[in-house]
Amino acid sequence: MREAMATAEVGDDVLDGDPTLAALQARVADLLGVEAALWTPTGCMANTIALMHHLTRGDRFLAPAHAHVLEAELGTSAWLAGGLPVALEHDAGPGRPTPAAVSAAAAPAGPYFALRTTLLCLENTHNGAGGAVTPVDEHRALVAAARDAGLAVHLDGARIWHAAAALDVPLAELTAGVDTVSVCLSKGLGAPMGSLVAGSAAFVDEAWRLRKMLGGGIRQGGVVGAAGLVALDQRDDLAGDHARAARLAAGLRALGWPVIAPDTNIVLVPTDDPATLVAALLAEGVRAVPFGPGVRFVTHRDVGDDDLDAVLERAAEVPAPSA
């Protein structure tokens, strides 16, 4: 990847374009089944661009509870895009609202002074729910409910690569019907930075302006774009990450730990004292992070089978947490 970055063909992406970024954008658009895509430095910027495009100041938008756009992007959906978020409970399973919940929340608001709802923001996989996957049929049903209610649809697909790998379906199956979608090149794929926001050609034309407004205009972007192209070539490795996460979950469960079975590469351990568990693990040389009402482990391309052996051996020295 570093060799590709060092030898990348570059141009000026603010003026007449960068050829390597152009190649990356075209490839991602093709994979997602949309007309065009635009590279952004971060996933937060990609989502913010989409929400700024879809929302008029004061509009309500719907998103699953604990979605990244609600809890991990510093309120940019309200601060910069001017939207009022409404969280939908996970009544269809982890990370997944039902179409009925979308329809009920998007019901006509009433008189002119009532709030209007204009957007549904989905997330697949749902990071806050432990990398939970929304299957294709449920995705289509949620999009249909949004359409019936007159809503636009944005998909935060930062981890869509993981969803496609878990379901063994083409990426475009998971973007069907959406107006815009964001994807991340560092989530499991190994790029040092970079996301893309994608949709129609007309949307991407506007997204260029919004990216510049947010400070995302870049010059020789091909240096990081080259890393993104290498990252895309590593998508097939994700199945191994998922298998190792399942193995880690089974190993911890065998030690008496409360573990949520993972859909992808995130293993959640519910506990009433996350700080104590993280500290005990660190004392044994195992790094994990507090995450909601528990602790999170993530398998990725830098974690091999020998590493898992070491984690499970060291975790055996830690008292099993109470949920």
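Structure first, text after, so check above.
Residues numbered from 1 in each chain as written. Predicted model: local features only at pLDDT ≥ 70, side-chain atom pairs only at ≥ 80, totals over all residues. Heavy atoms only, no water.

Take unusual backbone geometry next. The peptide bond linking Asn124 to Thr125 adopts the cis configuration, its omega dihedral lying at 0°. We note that His66 has phi near 70°; this positive angle belongs to a residue other than glycine. With respect to the helices and strands, His66 occurs in the loop between strand S2 (60-64) and helix H4 (68-71). In the Ramachandran plot, Leu74 falls in the positive-phi region, its phi being about 55° despite a non-glycine side chain. (Helix = DSSP H or I, 4+ residues; strand = E, 2+ residues; numbered from the N terminus.)

In this description, a pair of aromatic rings is defined by centroid distance and the angle of the planes. Scanning all chains against the criterion turns up one aromatic pair. Seen in terms of ring centroids, Tyr112 and Phe113 are 5.3 Å apart; in terms of plane orientation they differ by 80°. Their pairing is edge-to-face. Judged by its relative accessible area of 77%, Tyr112 falls in the exposed class. Assessed through its relative accessible area of 65%, Phe113 is described here as exposed. (Phe/Tyr/Trp six-rings, centres within 6.5 Å; stacked < 30°, edge-to-face > 60°. Buried < 20%, exposed > 50% of the residue type's maximum accessible area, 1.4 Å probe, protein only.)

As a further point, take the pattern of salt bridges. Enumeration according to the criterion identifies 12 salt bridges in this entry. Asp233 serves as the salt-bridge partner of Arg27, at 2.7 Å between the closest nitrogen and oxygen. Placement of Arg27 in helix H2 (residues 19-32) and of Asp233 in the loop between helix H10 (222-232) and helix H11 (238-254) is noted, with a sequence separation of 206 residues between them. Across the salt bridge formed by Asp237 and Arg301, the nearest N and O atoms sit 3.0 Å from each other. (Salt bridge = Lys/Arg side-chain N within 4 Å of Asp/Glu carboxyl O.)

Of all six residues making up strand S5 (residues 152-157), six are buried, and the element is well covered by its neighbours. With burial as the criterion, each face of S5 is covered, one bearing Ala152, His154 and Asp156 and the other bearing Val153, Leu155 and Gly157. Note that strand S4 (residues 117-123) and S5 share five bridges and pair parallel. By the bridge assignment for S5, Leu122 is matched with Leu155. When S5 meets strand S6 (residues 180-184), the two strands line up parallel, connected through four bridges. (Pairing = 2+ DSSP bridges.)

Turning to the environment of Val259, a few remarks are in order. Along the chain, the position of Val259 falls in the loop between H11 and strand S8 (266-270). Sequence separation between Val259 and Leu229 is 30 residues; the distance between their C-alpha atoms is 35 Å. Residues in contact with Val259, not counting those within four places in the same chain, are Ala249, Leu252, Arg253, Val267, Leu268, Val269 and Pro270. (Contact = heavy atoms within 4.5 Å.)

A separate point is the side chain of Asp18. Within the secondary structure, Asp18 is located in the loop between helix H1 (2-6) and H2. Buried charge without a partner: Asp18 forms no salt bridge, and the closest opposite charge is Arg211, 9.7 Å away. A polar atom in the side chain of Asp18 sits 2.9 Å from the backbone nitrogen of Gly11. Engagement of the side chain of Asp18 in a polar contact is seen with the backbone nitrogen of Thr20, the distance being 3.0 Å. Residues in contact with Asp18, not counting those within four places in the same chain, are Glu9, Val10, Gly11, Asp12, Asp13, Arg219, Gln220, Gly221 and Gly222. (Lys, Arg positive; Asp, Glu negative; His and termini not counted. Polar contact = N/O pair within 3.5 Å; in protein donor to acceptor, adjacent residues only side chain to side chain.)

Okay, helix H7 (residues 136-148) next. Between its first and last C-alpha, H7 extends 18 Å over 13 residues, near the 18 Å set by a 1.5 Å rise per residue. Of the residues making up H7, those classed as buried are Val136, His139, Leu142, Val143, Ala145 and Ala146. Contact partners of the buried residues in H7: helix H6 (99-105), S4, S5 and helix H8 (160-167). Positive phi shows up at Gly150, right after H7, with a value of about 80°. (Expected span 1.5 Å × (residues − 1).)

Moving on, we come to the sheet that holds strand S3 (residues 84-88). Here we have seven strands laid out as an open sheet, ordered S1-S7-S6-S5-S4-S2-S3, and mixed in their pairing. Strands at the two margins of the open sheet, each flanked by one partner only, are strand S1 (36-40) and S3. Pairs of neighbouring strands in the sheet enclose a mean axial angle of 20°, with direction left out of account. Pairing between S1 and strand S7 (residues 195-199): five bridges, direction antiparallel. When the sheet's bridge partners are listed, Leu38 is paired in S7 with Val197. (Axes fitted to C-alpha atoms, helices over the stretch in contact; angles between N-to-C directions.)

Glancing now at the sheet that holds strand S9 (residues 289-290). Reading across from one edge, S8-S10-S9 is the order of the three strands in this open sheet, with antiparallel pairing throughout. Looking at the sheet topology across the chains shown, the edges are occupied by S8 and S9. Relative to strand S10 (residues 294-298), S8 runs antiparallel, the two being bridged by five bridges. Considered in S10, the bridge of Ile266 is made with Val298. In the packing of H11 onto the sheet, contacts are made with S8 and S10, and the angle to S8 comes to roughly 20°. Along the sheet, helix H12 (residues 274-283) contacts S8, S9 and S10; its crossing angle with S10, the most-contacted strand, is approximately 40°.

This part covers the environment of Leu119. Take Leu119: it is sitting in strand S4. Each C-alpha atom, one on Leu119 and one on Ala149, is 9.6 Å from the other, the two residues being 30 residues apart in sequence. For Leu119, the residues in contact, after removing those within four places along its chain, are Leu51, His54, Leu55, Arg60, Phe61, Leu62, Leu151, Ala152, Val153 and His154.

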